[in-house]
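One-letter residues, chain by chain:
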Amino acid sequence: MTAHWNEVGWPSVMPESPDERAAQVKKLHLEKTDIFMDLIDEGVIPLRPGVLRLVDEAIEAGVRLAVCSTSNDKAVSNLVSTLMGPERAAKFQIFAGDMVKAKKPAPDVYNMAVDEMKLDKSRCVIVEDTHIGLSAAKAAGIKCCVTKSSYTGGEDFTGADLIVEELGDDKEGGVTAETLASLLG
């Protein structure tokens, strides 16, 4: 929220002082997370097309997986476990906004994942769906595939290594592990 409002302007109902703004943003993030977790638990929010297919393909190929989010660890873990199932969730390492000093568009969460998983950035590909996420990926020096969403379709994705409408449930027409590996050169 902070990065977004710093870019587009702060709503007039937000406090003026930086400390009060930070407190209000934290409160709003917690409320948003609670609502989002309820919607996930109720099955209202599904995964986007192709996510499970691509995750299964990556697991089968032995690709190491992580979720790097601006949300908190509890929310991200719940999301992955509920929407992907515990067996898939066990294959992921979670890196969340409450684990780093600066949230996206800062690269901190991606740098933490690379460092803790002992990965080579030149062999990583990030799948993102927002301009802020793309900015974080590029600031970390990592290739990035952007999947547009109904919320972010109008954002500027200049600099993305690949931009798609969705990952696609059909392997023949969708993004595959091979597609992502081809971004590595």
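Per-chain numbering applies: the sequence of each chain, read as written, is numbered from 1 onward. Whole-chain, interface and lining totals are the exception, using all residues; otherwise, since this is a predicted model, local features are given only for residues with pLDDT of at least 70 and side-chain atom pairs are given and counted only at 80 or more. Only hydrogens and water are set aside when side-chain values are computed; all heavy atoms of the structure are taken into account.

**Q** Describe the pattern of salt bridges, and please don't skip the residues or the numbers.
**A** Whenever a carboxyl oxygen of Asp or Glu lies within 4 Å of a side-chain nitrogen of Lys or Arg, that contact is scored as a salt bridge. The tally for this structure, following the rule as stated, stands at seven salt bridges. Ionic pairing is found between D129 and R48, a salt bridge with its closest N-O pair at 3.7 Å. With D129 in the loop between β3 (125–128) and α7 (131–139) and R48 in the loop between α2 (18–41) and α3 (51–60), the pair connects residues that are 81 residues apart, well separated along the chain. Any residue under 20% of the maximum accessible area for its type is buried, any over 50% is exposed, and the rest in between are partly exposed; the area is computed with a 1.4 Å probe on protein chains only. R48 sits in the partly exposed class, given a relative accessible area of 28%. Among the salt bridges present, the one from K104 reaches E128, with a minimum N-O distance of 2.6 Å. Taken as a pair, K104 in the loop between β2 (92–95) and α6 (108–117) and E128 in strand β3 lie far apart in primary sequence, 24 residues in all. Overall, the relative accessible area of 6% leaves E128 in the buried class. Each of the salt bridges in this network shares a partner with another, and the network as a whole consists of K138, K143 and D161. Secondary structure elements are taken from DSSP: a helix is a run of H or I of four residues or more, a strand is a run of E of two residues or more, and numbering for both begins at the N terminus.

**Q** Tell me what's going on with the packing of α2 against helix α4 (residues 73–84), and back it up with residues and numbers.
**A** Interaxial angles span 0 to 180 degrees and are taken between N-to-C directions of axes, which are lines fitted to C-alpha atoms, for helices over the stretch in contact. Contact geometry of α2 with α4 gives a least axis separation of 10 Å together with a crossing angle of 10 degrees. Here α4 runs roughly parallel to α2, going by the angle between their axes. Contact residues: α2 offers T33, F36, M37, I40 and D41, while α4 offers K74, A75, N78, L79, T82 and L83. Classification used: nonpolar for Ala, Val, Leu, Ile, Met, Phe, Trp, Tyr, Cys and Pro, charged for Asp, Glu, Lys and Arg, polar for all others including Gly. Here the contact of α2 with α4 is composed, by residue class, of six nonpolar, three polar and two charged. Here the angle decides the label: under 35 degrees means roughly parallel, over 145 means roughly antiparallel, 65 to 115 means roughly perpendicular, and every other value means oblique. In what follows, residue pairs with any heavy atoms lying within 4.5 Å of each other are defined as contacts.

**Q** Quick one: what's the story with the packing of aromatic side chains, residue by residue and with numbers?
**A** The pairing test for Phe, Tyr and Trp rings, Trp by its six-membered ring, is centres within 6.5 Å, and the orientation test on the planes gives stacked under 30 degrees, edge-to-face over 60, and tilted for anything in between. A complete count under the given rule lists one aromatic pair for this structure. On the numbers, 5.2 Å between centres and 50 degrees between planes, the contact of W5 with W10 is tilted.

**Q** With reference to specific residues and values, describe α2.
**A** Residue count minus one, scaled by 1.5 Å, sets the expected span of a helix. With 24 residues, α2 extends 34 Å between its outermost C-alpha atoms, agreeing within 8% with the 34 Å of an ideal straight helix rising 1.5 Å per residue. For α2, the complete set of buried residues consists of R21, V25, H29, T33, M37 and I40. In the core, the buried residues of α2 are packed alongside α1 (2–8) and α4. Just downstream of α2, G43 is the residue with a positive phi angle, here 75 degrees.

**Q** Requested: an account of the sheet that holds strand β5 (residues 162–164), with residues and values cited.
**A** By definition, two strands form a pair when at least two bridges between them are found by DSSP. A sheet is described by the order of its strands in space; here three strands give the open sequence β3-β4-β5, paired in parallel fashion. Edge positions in the open sheet fall to β3 and β5, since each of these has one partner strand only. Geometrically, the sheet is characterised by an average inter-axis angle of 20 degrees between neighbouring strands, direction not taken into account. Summarising the sheet, strand β4 (residues 143–147) and β5 pair through three bridges and their orientation is parallel. Directly across from C145, in β5, lies its bridge partner L162. The strands touched by α7 within the sheet are β3 and β4, with β4 carrying the most contacts at an inclination of about 170 degrees.

**Q** Can you explain the side chain of S149? Please cite residues and give values.
**A** Within the element layout of this structure, S149 appears in the loop between β4 and β5. At 3.1 Å, the side chain of S149 forms a polar contact with the side chain of T152. Polar contact is the term for a pair of N or O atoms within 3.5 Å; when the atoms are in protein, one must be able to donate a hydrogen and the other to accept it, and sequence-neighboring residues count only if both atoms are side-chain atoms.

**Q** Kindly report on the side chain of S69, identifying the contributing residues and their values.
**A** Here S69 lies in the loop between β1 (65–68) and α4. At 2.9 Å, the side chain of S69 and the backbone nitrogen of S71 are in polar contact. Excluding its chain neighbours within four sequence positions, the residues that come into contact with S69 are V76, F95, A96, G97, K104 and V109.

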